[in-house]
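Below, each chain spelled out in residue letters.
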Amino acid sequence: MATYAAFHRRSLEDREGFWAEQAQLIHWHKPFNRVLDYSRPPFARWFVGGETNLCHNALDRHLAARGKQKALVWISTEVDKSRSFTYEELFFEVNRVAAMMKSLGVKQGERVIIYMPMIPEAVFAMLACARLGAIHSVVFGGFAAASLAARIDDARPALMLTADGGSRMGKHVLYKALVDESLKLARHPPRKVLIFRRGLDPAMASVRARDVDWAALEREVTLTDVPCAWLESNQPSYILYTSGTTGKPKGVQRDVGGYAVALAASMQHIFCGEPGETMFTTSDIGWVVGHSYIVYAPLIAGMTTILYEGVPIRPDAGIWWKIVQEHKVAVMFSAPTAVRVLKKQDPAYLKKYDLSSLKHLFLAGEPLDEPTHVWITESLGRPVIDHYWQTETGWPLLSAHPGVENTPLKMGSPSFPVYGYDVRLLHEITGNEVKDGEKGVVTIAPPLPPGCMSTVWGDDQRFVDTYFKDFKNQLIYSTFDWGIRDKDGYYFILGRTDDVINVAGHRLGTREIEEAVSAHPNIAECAVVGVADPIKGQMPLAFAVLKDASKRTTPQEVMETVDKQLGAIARPKAVHFVTLLPKTRSGKTLRRSIQALAEGRDPGDLTTIEDPGALEQIRQSLGNQ
Ligand code: AMP
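We now turn to the structure provided with this report. (Residues numbered from 1 in each chain as written. Predicted model: local features only at pLDDT ≥ 70, side-chain atom pairs only at ≥ 80, totals over all residues. Heavy atoms only, no water.)

A few words on the overall build of the protein chain. Scanning the protein chain from terminus to terminus reveals 19 helices and 32 strands. Whereas a compact globule of 625 residues would reach a radius of gyration of roughly 25 Å, the protein chain reaches 24 Å, a difference of no more than 12%. For the protein chain, the spread of C-alpha atoms along the three principal axes comes to 70 × 60 × 55 Å. When the 625 residues of the protein chain are sorted by exposure, 62% land in the buried category. (Helix = DSSP H or I, 4+ residues; strand = E, 2+ residues; numbered from the N terminus. Rg over C-alpha atoms; globule rule 2.2 N^0.38 Å. Buried < 20%, exposed > 50% of the residue type's maximum accessible area, 1.4 Å probe, protein only.)

It is worth spelling out the sheet that holds strand β27 (residues 491–496) at this point. In space, the 4 strands of this open sheet follow the order β23-β24-β26-β27, with antiparallel pairing throughout. Pairing within the sheet leaves two strands with one partner each, and these edge strands are β23 (423–426) and β27. On average, each strand axis in the sheet is tilted by 45 degrees relative to the strand beside it, whichever way the strands run. Pairing of β23 with strand β24 (residues 440–444) involves 4 bridges; the strand directions are antiparallel. Across the sheet, Leu425 pairs through a bridge with Val442, a residue of β24. (Pairing = 2+ DSSP bridges. Axes fitted to C-alpha atoms, helices over the stretch in contact; angles between N-to-C directions.)

Among all residues save glycine, negative phi is the norm, and among peptide bonds the norm is trans. A cis amide bond, omega 0 degrees, links Pro41 with the succeeding residue Pro42. Tracing the backbone through its elements, the reader meets Pro42 in the loop between β1 (34–40) and β2 (43–48). Cis geometry marks the peptide bond from Arg314 to Pro315, where omega comes out at 0 degrees. Following the sequence through the fold, Pro315 ends up in the loop between β17 (304–309) and α12 (319–326). Its identity is not glycine, yet Lys328 carries a phi of approximately 45 degrees, on the positive side. Structurally, Lys328 can be placed in the loop between α12 and β18 (329–334).

Coordinates in, geometry out; function isn't part of it.
Dropping the structure here:
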């Protein structure tokens, strides 16, 4: 067994040799003629000239050896149902949906927006897009109509797929009604909307000539064997929107070949998922973790993947462990917030089930605090691996590598740089590398490894300007996270350098929330900051200035405006009304100082403040909470 250090070193010193070897883990219809083309920095093109297909690698390739093995197991504690599909059955379903999409005129390279709950049809749809070479963009079901409309206008889809409804904590969420609302706002609506009816919205309205019923179309299609579109490795596979410092989410674009190779390799070296074993990732398909580790990676690895619709504490806090026992889960992937929720429940649930099949629990998406890391490690009696990555990277960037070497874990640390990533911690002003024990910005010296975003959809310049211009004198990718490395080489993530906040592992831009708050007719301006929360990590907090103070406006109304604009995940914990916001003389809102006050810390250097009375108002409104 190689040591981690040698493995990582080789991945950078012999980049092309290393990745050429990893590329053997997937099927290539046509071999690539160049491992890496880095002639136009920072754009990296991996496995140039090679042709492959994500759906082929996830399904077709396994039919001969594991046709009768379970590929997908769906468990819904929301509607109390479960279904499972063997590789053969999943292959059939995906082909059928691909045929349905084809009959609706979807062509290679066209975009398809999937706005669906956690049901098997959503997975069929993603894989069917991959099969056809259509570019999917899955939008998380928690996003509201205006957010969905913004994504529709950026992606300009040919088709949208949705369901009548979903369910969360037993409450129905009307997906199709929300799609209708978003399409009233969108300037570039799709030609058709394909709707899967679950019977959750009996009063669902239908728009003639646009809406197509899933079951009816399923009966109509006769052609159920749709050949895979062989795509050049660098063609786009999907777009996934993510928040940043501006109000407009960015479409993270990913390729085909590099992504497939990165995922296949990560299953070996990091997640230790063997063919025939079961993986249970508790995320949602609307997030990058769901794309990579519910859908593509476990199937590419020939595993059984679990799709879970529900929350961790219903019907009781033992549900996840019951699933682990029943399905002999070997690899589990979740988020720190979920563990903190479970930590508040009766610990007996963790002892009630046989968890001996479980090799590791992986946690990512937000900082894993040391007490939570210690608690879950002791409760499970299994290694719990904190690993760090972003929508942009598509797969881990800092992690332990149990498939390479069992390095000791340090609580609260996502361990070391992953192979392929040339991670540097840079001083925020000088751009020089910091010493061990000093705080710096986590950056990656390009080229980014396979699997990472190739560009911002439709906007190459935005890709360069957003990610590679944080440091004046060097072209280097910024993660916008602070980090520190200890003397043993372990990294610790200390939070974002920008105005992005992380609510229960969901990334939200404070600018986006401010825009949503400002959509209320009586708000003149506002500032939104993230404040520490014991369960969710962070929560948004809003301070707003009213246009007309004589008009009655309640915090509740403002929260509802945010629900409508962005979705309930972005709802501020509280809304405080003030008559002015603390700003610098040049007009910049002092968000950091507001945040410090809200968290009971020193607000820092205030010499540039325009009117100290503004900060006093913030202090008072917090005192009145
Ligand atoms: P997202 O793109 O939504 O997955 O969010 C990525 C961001 O989540 C990162 O930039 C970090 O701020 C945070 N994050 C993800 N994983 C971790 C982790 N293991 N520890 C600390 N922060 C994390």
